[in-house]
Amino acid sequence: MDSITPMQKLFALTVLYRHNIQMLHWNVIGSGFDPAHETLGEFIDTMAAHVDQLAEMMKMINQRPLQLTECIEVLKNDNTQFLIVDAEDIDVPGCWEKVNTMFSQLYDTTKSTKAGDEIPDDIKSELESVMYYYSLEGKYKGRSRVKTVTH
């Protein structure tokens, strides 16, 4: 693959970060486990829907959704900084730090993709809803659930 389009970059990050959230879901431990585990499960479901939505958007603008192995390859070739979550136990605060890092990058990437000239207005509108999801859910929903348990 020679060059990565903004939609492919967003798709690749979303696929990779959905997998990372799955790893956190399986490996989060400690105080606040139950609400963190539940919230991560909700994030997994929503992100799976976003992957599907992005794939459909890509097809509408004559781009091919990437295979899993291509996702990491295109991000590396684009020199995109990205996070890979190890399959190790992680405490709840460390988990939310990683979630916030990933969702912040997804927000920024969605915002820059939405600004692209090659993206039709109807797709820009859909991307905006995805963008706000990553902004609001990552920063507030997970943390508020954990705070109610740890006080």
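The residue numbers shown here count from 1 along each chain, following its written sequence. Where local features are concerned, this predicted model is filtered to residues with pLDDT of at least 70; where side-chain atom pairs are given and counted, the filter is 80 or more; whole-chain, interface and lining totals use all residues. Calculated side-chain values reflect all of the structure's heavy atoms, with hydrogen atoms and water omitted.

**Regarding the nonpolar core**
In this text, buried Ala, Val, Leu, Ile, Met, Phe, Trp, Tyr and Cys residues form a nonpolar core when linked through side-chain atoms within 4.5 Å. Partly exposed describes any residue whose relative accessible area lies between the buried limit of under 20% and the exposed limit of over 50%, with all areas from a 1.4 Å probe on protein chains only and scaled to the type maximum. Ranked by size, the top nonpolar core spans 45 residues in total, and within it Phe11, Ile21, Leu24, Leu40, Val99 and Phe103 carry the most contacts. For helices the rule is a DSSP run of H or I covering at least 4 residues; for strands it is a run of E covering at least 2, with both sets numbered from the N terminus onward. Where this core is concerned, the elements lending two or more residues are α1 (6–27), α2 (33–60), α3 (68–77), α4 (92–114) and α5 (121–150). Looking at this core, the element that brings in the most residues is α1, giving 11 residues.

**Notes on the packing of α1 against α4**
To define axes, lines are fitted to C-alpha atoms, for helices over the stretch in contact only, and angles between the resulting N-to-C directions are given on a 0 to 180 degree scale. Contact geometry for α1 and α4: axes closest at 10 Å, N-to-C directions at 165°. When the interaxial angle is binned, α1 and α4 end up roughly antiparallel. Read as a crossing pair, α1 and α4 show a hand that is left-handed. On the side of α1, the interface is formed by Pro6, Met7, Lys9, Leu10, Leu13, Thr14, Tyr17, Asn20, Ile21 and Leu24, while α4 contributes Cys95, Lys98, Val99, Met102, Phe103, Gln105, Leu106, Thr109, Thr110 and Thr113. Gly is put with the polar residues, along with every residue not named as nonpolar or charged; the nonpolar set is Ala, Val, Leu, Ile, Met, Phe, Trp, Tyr, Cys and Pro, and the charged set is Asp, Glu, Lys and Arg. Residue classes in the contact of α1 with α4 are distributed as 12 nonpolar, 6 polar and 2 charged. When an angle is under 35 degrees it counts as roughly parallel; over 145 it counts as roughly antiparallel; between 65 and 115 it counts as roughly perpendicular; any other value is oblique. Crossing chirality is assigned from the near helix's rotation relative to the far helix, an anticlockwise turn below a right angle marking it left-handed and a clockwise turn marking it right-handed. Contacts are assigned to residue pairs that have any heavy atoms within 4.5 Å of one another.

**Looking at the packing of aromatic side chains**
When the centres of two rings from Phe, Tyr and Trp lie within 6.5 Å, Trp using its six-membered ring, the rings pair. Their planes under 30 degrees apart give stacked, over 60 give edge-to-face, and anything left gives tilted. The full count for this structure, using the stated rule, is 3 aromatic pairs. When the ring of Phe43 is compared with that of Phe103, the centres are 5.0 Å apart and the planes differ by 55°; the resulting orientation is tilted. Placement of Phe43 in helix α2 and of Phe103 in helix α4 is noted, with a sequence separation of 60 residues between them. Each member of the pair, Phe43 together with Phe103, is buried. Seen from their ring centres, Phe103 and Tyr134 are 5.0 Å apart, and the 65° between their planes marks the pair as edge-to-face. A residue pair is termed long-range when its members are at least 10 positions apart, and Phe103 in helix α4 and Tyr134 in helix α5 qualify at 31 residues. Here the two residues Phe103 and Tyr134 agree in accessibility, since each one is buried. Among the aromatic side chains, those forming a connected cluster through ring pairs are Phe43, Trp96, Phe103 and Tyr134.

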